[in-house]
Amino acid sequence: TSAGWFLEVVNLPRVEPSETYFRSPALDAWSMQSDSIPSVWVYKQPDPPTAAQRAQVEAELWRLEEVLYGEGFAHPDTGYAAYLNVDATIDWFLVQELAKNNDAAFFNSTFVYKAPTGRITVGPLWDFDLAFGNYPWDAGPEGWKVRHGAWIERLFEDPAFRQRLKARWLTLYSQRADIDAWLVARAALLDRSQ
């Protein structure tokens, strides 16, 4: 059985000298479309990784990317869904896109992990400093921010992924009144501390 791991996507100039990182073909291709500086995968756990751990982690992540960008990527049994936790990716995407989080487009502060058993999972949610319109280099909080990021853009090419995403959105949207009430209650609770 494989060991678990936890990685962060970081723009290469932001990598600390003490950190261990690697590049992957799909992230390279996406991150260097508009900038010659790539984003890379930085090890958070294990830290520092042994050579054997690095070989295992990189092979698992490269295999997902190879399948995701290969022919037959959408096959329900042998495609990306065999390697990626699709439901968690959908929930992660919905939160990031609603927040208009520019970092979540696989440029910076995007996390991916794999438990010792199970599939690769995008998450957890983190780092919203460039969300909710707080990003001075674009047109503001409108339009897609994460939809065209690495991995996500390819996932949208699969009609089954889009259908699962739509179904999840409709389920959550049907609970909007409850979610709004929860947000109002939490805002009131935090009012004094803010």
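These numbers were taken from a predicted model, which means no experiment stands behind them.

J.: What exactly am I supposed to notice about the pairing of strand S4 (residues 110–114) here?
T.: Where a strand is regular, its side chains alternate between the two sheet faces. Among the 5 residues that make up S4, 4 are buried, leaving the element largely enclosed by the rest of the structure. Bridging between strand S1 (residues 5–11) and S4 involves 5 bridges; their strand directions are antiparallel. Bridging across to S4, Trp5 finds its partner in Lys114. Connecting the antiparallel pair S4 and strand S5 (residues 121–122) is a turn made up of 6 residues, with Gly118 showing a positive phi of about 110 degrees.

J.: Would you take a moment to explain the packing of aromatic side chains for this structure?
T.: The geometry of an aromatic ring pair comes down to the distance between the two centres and the angle between the two planes. Counting across every chain of the model gives 13 aromatic pairs. Three or more aromatic residues joined by ring pairs make a cluster, and in this case those are Trp41, Trp92, Phe106 and Trp151. Lying over the aromatic face of Phe156, Arg147 brings its terminal NZ or CZ to 4.0 Å of the ring centre. Over the ring of Phe73 we find Arg154, and its NZ or CZ is 3.6 Å from the ring centre.

J.: Hey, could you run me through the environment of Gln53 in this one?
T.: For Gln53, the position within the fold is in helix H2 (residues 51–68). With 125 residues separating them in the primary sequence, Gln53 and Asp178 have C-alpha atoms 44 Å apart. When residues no more than four places from it in sequence are discounted, the contact partners of Gln53 are Pro46 and Pro48. A distance of 2.8 Å separates the side chain of Gln53 from the backbone nitrogen of Thr50, its partner in a polar contact.

J.: I keep staring at the sheet that holds strand S2 (residues 21–22) and nothing clicks. Help me out?
T.: Either a parallel or an antiparallel arrangement is found when strands of a sheet pair, and the pairing is made through backbone hydrogen bonds. The strand order across the open sheet built from 5 strands is S2-S3-S1-S4-S5, with neighbouring strands paired in antiparallel fashion. Strands with a single pairing partner mark the edges of an open sheet, and in this sheet they are S2 and S5. For S4 and S5, the ladder comprises 2 bridges, and the chain directions are antiparallel. Of the residues in S5, the one forming a bridge with Tyr113 is Thr121.

J.: Explain the environment of Ile152 to me, please; I cannot follow it from the model alone.
T.: Topologically, Ile152 is positioned in helix H4 (residues 152–155). The class for Ile152 is buried, based on a relative accessible area of 0%. Excluding anything up to four places from it in sequence, Ile152 contacts Thr89, Trp92, Phe93, Phe106, Val146 and Arg147.

J.: Sorry, what's going on with helix H3 (residues 86–99) here?
T.: Each turn of an α-helix holds 3.6 residues, which means side chains three or four residues apart point in the same direction. Between its first and last C-alpha atoms H3 spans 20 Å; for 14 residues at 1.5 Å apiece the expected length is 20 Å, and the two agree. For H3, the N-terminal cap is Asn85; the gap from its side-chain oxygen to the backbone nitrogen of Asp87 is 3.5 Å.

J.: What exactly am I supposed to notice about the environment of Ile90 here?
T.: One can find Ile90 in helix H3. The exposure class assigned to Ile90 is buried, which follows from its relative accessible area of 2%. Placed 21 residues apart in sequence, Ile90 and Phe111 show a C-alpha to C-alpha distance of 14 Å. Setting aside anything within four residues of it in sequence, one finds Ile90 in contact with Phe161, Arg164, Leu165 and Arg168.

Conventions and cut-offs
- Throughout, a residue's number is its position along its own chain's written sequence, starting from 1.
- Only residues with pLDDT of 70 or above have their local features reported here, since the model is predicted, and side-chain atom pairs are shown and tallied only from 80 upward, although totals for entire chains, interfaces and linings are computed over all residues.
- Working from all heavy atoms in the structure, the side-chain values ignore hydrogens and water.
- Remark: exposure states derive from per-residue accessible area (1.4 Å probe, protein chains only) relative to the maximum for the residue type, with buried under 20%, exposed over 50%, and partly exposed in between.
- Helix and strand assignments follow DSSP, with helices taken as H or I runs no shorter than four residues and strands as E runs no shorter than two, numbered in order from the N terminus.
- In this description, strands pair whenever DSSP reports at least two bridges between them.
- For Phe, Tyr and Trp, where Trp contributes only its six-membered ring, two rings pair if their centres lie within 6.5 Å, and the inter-plane angle classes them as stacked under 30 degrees, edge-to-face over 60, or tilted in between.
- Consider the ring centre and the ring normal. A charge sits over the ring if Lys NZ or Arg CZ is within 6 Å of that centre and within 35 degrees of that normal.
- The contact rule is simple, with two residues in contact once any of their heavy atoms fall within 4.5 Å.
- In protein, a polar contact requires one atom able to donate a hydrogen and another able to accept it; more generally it is a pair of N or O atoms within 3.5 Å, and residues adjacent in sequence count only if both atoms are side-chain atoms.
- Every helix has an expected span of 1.5 Å times one less than the residues it contains.

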